[in-house]
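So you can see what is in the structure, the chains are spelled out below.
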Amino acid sequence: VQLQASGGGLVQAGDSLRLSCAASGGTFSSYAMGWFRQAPGKEREFVAAISWNGGNTYYVDSVKGRFTISRDNAKNTVYLQMNSLKPEDTAVYYCAAQRNPLVVTATPDYWGQGTHVTVSS
């Protein structure tokens, strides 16, 4: 499975961005999908995940109410809508796929390349 993330950029605090992750080479609709991020000097952390049909979503507390994960199985794509961005959201964001329809663990089966998000104050 190949995952291609896009949509990062440089924005100001309070702005919005939508990240996309297009999957190919696998059965996208059977995978739970997730987003992780790694800020400079910090370990990679979980951000959000979504089950195979979008019926279950999970978020780290720091993004609840601001970020929304969604997926379009017809397009083999998962999204991360990020609103009210803060400087502390600055990181490289990675999408990930899990060969499990319901959950994404700390060790997903597939990783995409990162997309940079920089939020200026």
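For the structure, check the block above.
Quick caveat, the model's predicted, so the values are computed rather than measured. (Residues numbered from 1 in each chain as written. Predicted model: local features only at pLDDT ≥ 70, side-chain atom pairs only at ≥ 80, totals over all residues. Heavy atoms only, no water.)

1. A closer look at the side chain of Arg-66
Positionally, Arg-66 belongs in the loop between strand 6 (57-59) and strand 7 (67-72). In this structure Arg-66 touches Gln-81, Met-82, Asn-83, Ser-84, Leu-85, Lys-86 and Asp-89, once residues within four positions along its chain are discounted. (Helix = DSSP H or I, 4+ residues; strand = E, 2+ residues; numbered from the N terminus. Contact = heavy atoms within 4.5 Å.)

2. Notes on the pairing of strand 8 (residues 77-82)
Of all the six residues making up strand 8, five are buried; the element is thus mostly covered by neighbouring parts of the structure. Here six bridges tie strand 3 (residues 17-24) to strand 8, and the two strands are oriented antiparallel to one another. Residue pairing in the sheet places Cys-21 in a bridge with Val-78 of strand 8. (Buried < 20%, exposed > 50% of the residue type's maximum accessible area, 1.4 Å probe, protein only. Pairing = 2+ DSSP bridges.)

3. Details of unusual backbone geometry
Positive phi, close to 55 degrees, is recorded for Asn-76, a residue that is not glycine. With respect to the helices, strands and loops of the structure, Asn-76 is situated in the loop between strand 7 and strand 8. With a relative accessible area of 26%, Asn-76 lands in the partly exposed category. The backbone phi angle of Ser-84 is positive, close to 50 degrees, even though this residue is not glycine. Relative to the assigned elements, Ser-84 resides in the loop between strand 8 and strand 9 (91-98).

4. Points about a nonpolar patch on the surface
On the surface, Trp-52, Tyr-58, Leu-102 and Val-103 cluster together into a nonpolar patch covering about 360 Å² of accessible area. Residue class for Tyr-58 comes out partly exposed when judged on its relative accessible area of 35%. (Patch = residues over 30% accessible without salt bridge, like charges linked within 9 Å, V, L, I, M, F, W, Y side chains within 5 Å. Areas by Shrake-Rupley, 256 points an atom, 1.4 Å probe, with all protein chains shown as cover. Salt bridge = Lys/Arg side-chain N within 4 Å of Asp/Glu carboxyl O.)

5. Quick notes on the environment of Ala-48
Along the chain, Ala-48 turns up in strand 5 (residues 45-50). Note on Ala-48: relative accessible area 0%, which makes it buried. The spatial distance from the C-alpha of Ala-48 to the C-alpha of Leu-17 is 15 Å, given a sequence separation of 31 residues. Apart from residues lying up to four places away in sequence, Ala-48 is in contact with Met-33, Gly-34, Trp-35, Tyr-58, Tyr-59, Ile-69 and Leu-80.

6. Topic: the nonpolar core
Where a protein is soluble and globular, its nonpolar side chains tend to be buried together. Ranked by internal contacts, the top residues of the largest apolar core, which has 28 residues, are Trp-35, Leu-80, Met-82 and Tyr-93. Once you skip the residues sitting within four places of it in the chain, Leu-80 turns out to touch Leu-17, Arg-18, Leu-19, Trp-35, Val-47, Ala-48, Phe-67, Thr-68, Ile-69 and Tyr-93. Ranked by size, the runner-up nonpolar core spans five residues in total, among them Ala-32, Phe-36, Ala-49 and Ala-96. (Core = buried A, V, L, I, M, F, W, Y, C linked by side-chain atoms within 4.5 Å.)

7. Focus: the side chain of Thr-115
Its location among the elements puts Thr-115 in strand 11 (residues 115-120). Among residues more than four places away in sequence, those in contact with Thr-115 are Ala-5, Ser-6, Gly-7, Gly-8, Leu-19, Ala-91, Val-92 and Tyr-93.

8. A look at the sheet that holds strand 8
Reading across from one edge, 1-3-8-7 is the order of the four strands in this open sheet, with antiparallel pairing throughout. Only two strands of the sheet have a single neighbouring strand rather than two, namely strand 1 (2-6) and strand 7. Pairs of neighbouring strands in the sheet enclose a mean axial angle of 15 degrees, with direction left out of account. In terms of strand pairing, strand 7 meets strand 8 through six bridges, oriented antiparallel. Across the sheet, the residue bridging to Arg-71 is Val-78, located in strand 8. (Axes fitted to C-alpha atoms, helices over the stretch in contact; angles between N-to-C directions.)

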